[in-house]
Amino acid sequence: MAVVGSVKTALQVAEVLEAIVSRCVGPEGRQVLCTKPTGEVLLSRDGGRLLEALHLDHPIARIIVACVSSHLKKTGDGAKTFVIFLCHLLRGLRAITEKEKDSLISENIQTFERCWKNCCQWKFICQALLTFQTQILDGIMDQYLSRHFLSIFSSSAKERTLCRSSLELLLEAYFCGRVGRNNHKFISQLMCNFFFKSTISDSRLEVFELVDDCFVELNVSVTGLPVSDSRIIDGLVLHRDFSVYCPADGDMRVAIVRETIQPLFSTSGSEFVLNSEAQFQTSQIWIMERTKSIMKHLRSQNVRLLLSSVKQPDLVIYYARLNGISVVDCLSSEEISLIQRIISLSPFVLPQASLQCEISNPALVKFCKPLILRSKRYVHLGLMSTCTFAPHCIILCGPVQGLIEQHENALHGAFKMLRQLFKDFDLNYVKKSNDQNDTLSPHVKNNDELEKNQYLQAHSNLVVSDAELETYIPCSTPKLLPTDTVQTDETWRCLPPENKKINDDYELLIESNSSSNPITENTRIETYCENLQVTNIAGKESTLPMKYKSLDTHISQSYCSSSVPAGCVLPVGGSFEILLHYYLLNYAKKCQQLQEIMVSKLIASALLGIPKILYKPKKGNHNFPQIYLRALHALQTNQPIISCQAGLESVIGKYHLLTSVLQCLTKILTVDLIINIKRQPQKSCDQDSEDELQH
Amino acid sequence: MALNGAEVDDFSWEPPTEAETKVLQARRERQDRISRLMGDYLLRGYRMLGETCAECGTILLQDKQRKIYCVACQELDSDVDKDNPALNAQAALSQAREHQLASATEPPSGSRLTAQPPVPRPEHCEGAAAGLKAAQGPPPPTVPPDADAVACTQTALLQKLTWASAELGSSASLETSIQLCGLIRACAEALHSLKQLQH
């Protein structure tokens, strides 16, 4: 049966998903109980898990959930906001397109022409959305929003130190929406501890990448204990027990093997011909002697720990015990690769002939001992790391497995989010400016200056001039502020009144900003001047034909690129959405192209849906209209915006969310027809190509 | 085309009238209710199918027993139902009052009071019975109780009572039994008030 794909169906589906997800969004959200089709019960606030647990056969619902999953894999944040934003965009689209039709006529009557007209209309709208996203959105981010960004670093010259309090604010805001209310502070503290213990130097990005990739191996879950028993331990915990344990003191070496040490009778692909019993016995004796000598050789090299990815036979275990070597076998390949990554050790290759060779680079191990958690035994290894990650493991405790899984997923998502946050992000956009000159060179010069100014403006979040500092932070000097003035004068810095320590940190932040002014400003201008030249050259070549056009129309286009530096954050509670909404509406007023106006207005009104839901439970002075009006007033009068919520969120995460939703929307809108089939089409093409290769 | 023609449309677009606004508001609320119900069912393990209902266009759900379920048709009353006197006590009351007003000016005819819709659904019978009871409660000041009308009502009630007791004997579901008992109680109370009216 074929169904016409339309905004109406997509909106229905999105509304249902929104109804589910809006119950658990934000810090005021509650846990949602979901019964899976298998009968299991899932109690969660994690949007991604909830959506994947639903039994959805509708194709558009599956597209939406697939988009959410792939977004989460990359960024670790924003599943619920994704669905809410998508739903609002679909509503906005429907409102736009329904203005034409008579809304009271039944929509089931569809002629072929109308159907075709609808499809073309949607494709046109998709084109407009994508053009907007690729060409204009980055520009708005760069030119307007960047002046509001805060930085999670407290910068001092070249070093960018991360203060713990700002990381805590960021993580608390993250876990607030994901983990139960009684646990989120504890979990964010746990994560902060883990991060500060495992990072050796300033190479945070490598640490985040490693932890994100190997998160499963870096945590151990223990059921039956309260959550507060969770802790960080030094070293690596392997999810296997010792086959042989020989206690040893002092530094020892470790060897990794990927095959059995005991030689086999024959290798695969060769034959072993037995002629007599004696020959068999000789072979066996030879095997025994060989194993014995290999183990002795290892012992002579001071290898006291053998890590094996396969099961070692009993003979090897016996000789290992004789020689005092501990053996851990059947380790997963991920664990082996993690160990290799940390201590940069290559696997031990069994020497074919003589045993005179030295084991290349056997790594040192500080300690290895068994670890008993509840009733399970693990191996606790103390490794000497050669990379920037000081190995630590998280032991997650919880009364039931479900709660532990919830915390595990939340932590993993947090590492993904931080990984994105600590990367610089490139913005590319098309800048249009009206120009009155006719000749080419003044064009370029004018653009030069314009762009230079913009670069200075764009990167002033860390490099804030004194004058601007004053407007941002009117009360930068006194530390102990009475509660009521903090409430009113609370700027983007969000100082909680009772914590003097955090005040100190922020003051340090401000002071270090102003002191480092001349140095960083110069370096930044230098680097970006270089970039400027490069882009200008590129811009010149690519825009030459357009400049000819522009002689007539006086509009020049140039391709600009900029970047959002790592560590940009904004206060929680919808500040990103309200700011972007305001600037999009401003842009729509100044813009002249009809498509861009429509798209900006659509996105701007949909963006407000998110803070509306977040502020729904609040009343009185903190409800959404009040917050919105205050923010608008502050933006219009160029005052700093007061935020009453302490907590930070990553700008890059929000930006990625926005682009992912627009991509998902275009995917949905370009569906013309949905055809139900009973079976998946058979994949026979792969086999055919293999056959062709062989012949 | 929406994006090209929006400028032209802006000049000819008028704000919706109050009636239209009410209809739009009601429709939106209904849609919200449907979404919430569907969300609840999905969380309970129902499956969202790729098909829509032929009558109302809502997406269909399927439960674990592979039974297909449309939230709007089977659970949510439609907009029109609130005016149906068989299903709503308020509507029955207002209809009865209208009849009384009409019969105050004209000579009373007993058949009016018994002109209720023939066979309402069992679970909604209470609505009709309650409406009937309320209609009979405040005695009309100027119209004396017509003996014929009362007798007809009594027979109707007795018929309903016998039917309900027969159904109760043969029903296997708990819900239906409870509702039938409620119906029997309502009929008995109505008969009781009718007897009071006669004396």
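Residues numbered from 1 in each chain as written. Chains lettered and ligands numbered in written order. Predicted model: local features only at pLDDT ≥ 70, side-chain atom pairs only at ≥ 80, totals over all residues. Heavy atoms only, no water.

Two orientations exist for strands paired in a sheet by backbone hydrogen bonds: parallel and antiparallel. All names here are of chain A. The strand order across the open sheet built from three strands is 5-19-20, with neighbouring strands paired in antiparallel fashion. Each edge of the open sheet carries a strand with a single partner, namely strand 5 (150–151) and strand 20 (648–650). Two elements, strand 5 and strand 19 (residues 568–571), share two bridges in a ladder whose sense is antiparallel. If you follow serine 151 over to strand 19, its bridge partner there is cysteine 568. Each of strand 19 and strand 20 touches helix 6 (residues 164–176); the most contacted strand, strand 20, lies at about 80° to it. (Pairing = 2+ DSSP bridges. Helix = DSSP H or I, 4+ residues; strand = E, 2+ residues; numbered from the N terminus. Contact = heavy atoms within 4.5 Å. Axes fitted to C-alpha atoms, helices over the stretch in contact; angles between N-to-C directions.)

Attention shifts here to the confidence of the model for chain B. Residue and element names in this part refer to chain B. Taken over all residues, the pLDDT of chain B has a mean of 73, while the share at 70 or more is 63%. Mean pLDDT values over the elements of chain B span from 44, in helix 5 (residues 110–113), up to 91, in strand 2 (residues 59–62). Low pLDDT (under 50) marks residues 1–9, which in the prediction has 15 contacts with non-local residues, meaning those over four places away or in another chain. Counting contacts from residues 108–125, a segment whose pLDDT is below 50, to residues more than four positions away or on other chains yields 23 contacts. Across the whole predicted complex the pTM is 0.69, and at the interface the ipTM reaches 0.71. (pLDDT = per-residue confidence, 0-100.)

This paragraph deals with the interface of chain B and chain A. Listed by partner, the interface residues are 30 residues for chain B and 35 residues for chain A. Buried area between chain B and chain A, summed over both chains or domains, comes out near 3,000 Å², and the portion from carbon and sulfur atoms is 63%. Our enumeration of links across chain B and chain A arrives at two salt bridges. Here arginine 23 of chain A makes a salt bridge to aspartate 40 of chain B, at a shortest N to O gap of 3.0 Å. The interface formed by chain B and chain A contains nine residue pairs in polar contact (both at pLDDT 80 or more). (Buried area = accessible area lost by both parts, 1.4 Å probe. Salt bridge = Lys/Arg side-chain N within 4 Å of Asp/Glu carboxyl O. Polar contact = N/O pair within 3.5 Å; in protein donor to acceptor, adjacent residues only side chain to side chain.)

This part is about the confidence of the model for chain A. Residues and elements named next belong to chain A. Averaged over chain A, the pLDDT score is 77; the fraction of residues at 70 or greater is 74%. Confidence drops under pLDDT 50 across residues 102–109; counting only partners more than four residues distant or on other chains, this segment forms nine contacts. Contacts for the low-pLDDT stretch residues 435–552, under 50 throughout, to residues beyond four places or in other chains number 140 contacts.

Residue and element names in this part refer to chain B. Between its first and last C-alpha atoms helix 2 (residues 18–43) spans 37 Å; for 26 residues at 1.5 Å apiece the expected length is 38 Å, and the two agree. All of the buried residues along helix 2 are Ile34, Ser35, Leu37, Met38, Gly39, Tyr41, Leu42 and Leu43. Glycine 45 sits one or two residues past helix 2 and shows a positive phi near 110°. (Expected span 1.5 Å × (residues − 1). Buried < 20%, exposed > 50% of the residue type's maximum accessible area, 1.4 Å probe, protein only.)

Attention now goes to the pairing of strand 12 (residues 303–308) of chain A. Residue and element names in this part refer to chain A. Of all six residues that make up strand 12, six are buried, and the element is covered over most of its length. Summarising the sheet, strand 11 (residues 252–257) and strand 12 pair through five bridges and their orientation is parallel. Of the residues in strand 12, the one forming a bridge with arginine 253 is valine 303. Read as a crossover between parallel neighbours, the route from strand 11 over helix 9 (residues 277–300) to strand 12 is right-handed. With three bridges joining them, strand 12 and strand 13 (residues 326–328) adopt parallel strand pairing. In the sheet register, leucine 307 faces strand 13, and the bridge partner there is valine 328. Read as a crossover between parallel neighbours, the route from strand 12 over helix 10 (residues 314–323) to strand 13 is right-handed. (Right-handed = clockwise from strand over helix to strand, strands pointing away.)

A few words on the nonpolar core. Counting 111 residues, the largest nonpolar core has Ile603 of chain A together with Met48 of chain B as the members making the most contacts within it. For methionine 48 of chain B, the residues in contact, after removing those within four places along its chain, are Val13, Val16, His55, Leu56, Asp57, His58 and Ala61 of chain A together with Met38, Leu42, Ile59, Leu60 and Leu61 of chain B. If you look at the next biggest cluster of nonpolar residues, it comprises 71 residues, including Phe153, Tyr174, Leu307 and Ile404 of chain A. (Core = buried A, V, L, I, M, F, W, Y, C linked by side-chain atoms within 4.5 Å.)

With that settled, the discussion passes to unusual backbone geometry. All names here are of chain A. A positive phi angle, close to 65°, is found at asparagine 302, a residue other than glycine. You can see asparagine 302 is positioned in the loop between helix 9 and strand 12. Residue arginine 374 is not a glycine yet carries a positive backbone phi of 60°. Position of arginine 374 among the secondary structure elements: in the loop between strand 14 (363–373) and strand 15 (376–383). The exposure class of arginine 374 is exposed, given its relative accessible area of 54%.

Take the pattern of salt bridges next. Residues and elements named next belong to chain A. Counted under the stated rule, the structure contains 17 salt bridges over all chains. The salt bridge partner of glutamate 18 is arginine 91, with a shortest N-O separation of 3.0 Å. With glutamate 18 in helix 1 (residues 7–21) and arginine 91 in helix 4 (residues 79–98), this residue pair connects regions lying 73 residues apart in the sequence. Looking at arginine 91, the relative accessible area reads 29%, which means it is partly exposed. Its salt-bridge partner being lysine 311, residue aspartate 329 comes within 3.9 Å of it at the nearest N-O pair.

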